[in-house]
Amino acid sequence: MTYYKLIEFNRSGKFPKELNYEFREYFFKRNFRYRRRALIGILIVAALFGLNQWGDTTEQYITLLKIHYLLYFPMLCFLILLAYRSKSSLWSELLMVCMVLFTSGVYIAMEHVAPTSSESEASQTTVVLTVIVMAACTALRLRFATAMVSTWLLFATYALISLAVFKLSNGIWNVCALLMACSVATIGAWAIERGSREMFWSNYCADYMLHNILPPAIAERLKDGQRPICDEFEDVTVLFADIKGFTQLAATISAGDLVDFLNRIFLGFDQLVDKHCL
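Everything in this summary refers to the structure shown in the same document. Because the structure is predicted, anything quoted here is derived from the model rather than measured.

**Quick word on the packing of aromatic side chains**
Following the criterion strictly, the structure yields nine aromatic pairs and no others. Taking the centre distance of 6.3 Å and the plane angle of 25° together, the rings of Phe 200 and Tyr 204 count as stacked. Here Tyr 204 and Phe 200 lie together in helix H7 (residues 144–213), a separation of four residues that amounts to about one turn. The same class applies to Phe 200 as to Tyr 204, namely buried. Each member of the aromatic cluster is reached from another via a ring pair, and the members are Phe 23, Tyr 26, Phe 27, Phe 200, Trp 201 and Tyr 204.

Shown next, in the form of structure tokens:
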């Protein structure tokens, strides 16, 4: 990819297809520690679920606790462990999507597990789903496409169930509230990914120019922050060469032919030095 191609991509705002994999790995590494902290926070919140009503012996509350601690919490721990230890960006993304959808499904099911489900309980579930959506798109740092699919799949599922159970007069307000939350969350995911894309693109252009100016080994050491960059050699050989009539030659040929000529000359020097082990 030439420098002018880089400028063209930068002006158009498009992203080169060949860099999609590199950006995915960059996005994963850049947000790795944020995701780990978010996963630990989710685990703590899930472990403390329902403790504010500890001592409640109603059948509905006991049923909810059984669903949470016997079904949901062990599965959540398993998914978090896999996502926490995953070194693959693709698998980590898929695991977190499964965790978001699984968590949402469990809470939607818990809302309707008892026959006495009411509008206030539905409102509580809407708040929980709003927190899940916001956490998935911001704290877990899902990619925009992944966040959009999982978020709107969650919304569609909840909207169908809520409107079917509470009818249009009651469930519509909860659905509208979740709709606004999903919209804000997806915008947040888009903003996070756009910022990461701009950062990645700036770094890529800088690395590209650096590798075109300096030898690859020197460029990598410069990127790693090594200062000063110097090497020590016990024995060195310096070759001095003079091209007879170079001034006249340079005046009679084009710049491109002159650079090609010098390149062949220095390449021949390098081959002679290697051949004679100088």
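**Comments concerning the packing of helix H2 (residues 20–30) against helix H3 (residues 32–47)**
Packing of H2 against H3 brings their axes to within 4 Å, and their N-to-C directions diverge by 50°. Taken together, the axes of H2 and H3 lie oblique to each other. Residues Phe 27, Phe 28, Lys 29 and Arg 30 of H2 form the contact with H3, whose participating residues are Phe 32, Tyr 34 and Arg 35. Of the residues assigned to the contact of H2 with H3, the class counts are four nonpolar, no polar and three charged.

**Digging into the environment of Leu 90**
Counting through the fold element by element, Leu 90 comes out in helix H5 (residues 89–111). Looking at Leu 90, the relative accessible area reads 43%, which means it is partly exposed. Through-space distance from the C-alpha of Leu 90 to that of Arg 24 is 8.2 Å; in sequence the pair is 66 residues apart.

**Comments concerning a nonpolar patch on the surface**
A surface patch of nonpolar side chains, about 540 Å² in accessible area, is lined by Phe 233, Val 236, Val 238 and Phe 240. Topologically, Phe 240 is positioned in the loop between helix H8 (216–223) and helix H9 (246–252). A relative accessible area of 76% places Phe 240 in the exposed class.

So, how was this worked out
- Residues numbered from 1 in each chain as written.
- Predicted model: local features only at pLDDT ≥ 70, side-chain atom pairs only at ≥ 80, totals over all residues.
- Heavy atoms only, no water.
- Phe/Tyr/Trp six-rings, centres within 6.5 Å; stacked < 30°, edge-to-face > 60°.
- Helix = DSSP H or I, 4+ residues; strand = E, 2+ residues; numbered from the N terminus.
- Buried < 20%, exposed > 50% of the residue type's maximum accessible area, 1.4 Å probe, protein only.
- Axes fitted to C-alpha atoms, helices over the stretch in contact; angles between N-to-C directions.
- Parallel < 35°, antiparallel > 145°, perpendicular 65-115°, else oblique.
- Contact = heavy atoms within 4.5 Å.
- Nonpolar A, V, L, I, M, F, W, Y, C, P; charged D, E, K, R; others polar.
- Patch = residues over 30% accessible without salt bridge, like charges linked within 9 Å, V, L, I, M, F, W, Y side chains within 5 Å.
- Areas by Shrake-Rupley, 256 points an atom, 1.4 Å probe, with all protein chains shown as cover.
- Salt bridge = Lys/Arg side-chain N within 4 Å of Asp/Glu carboxyl O.

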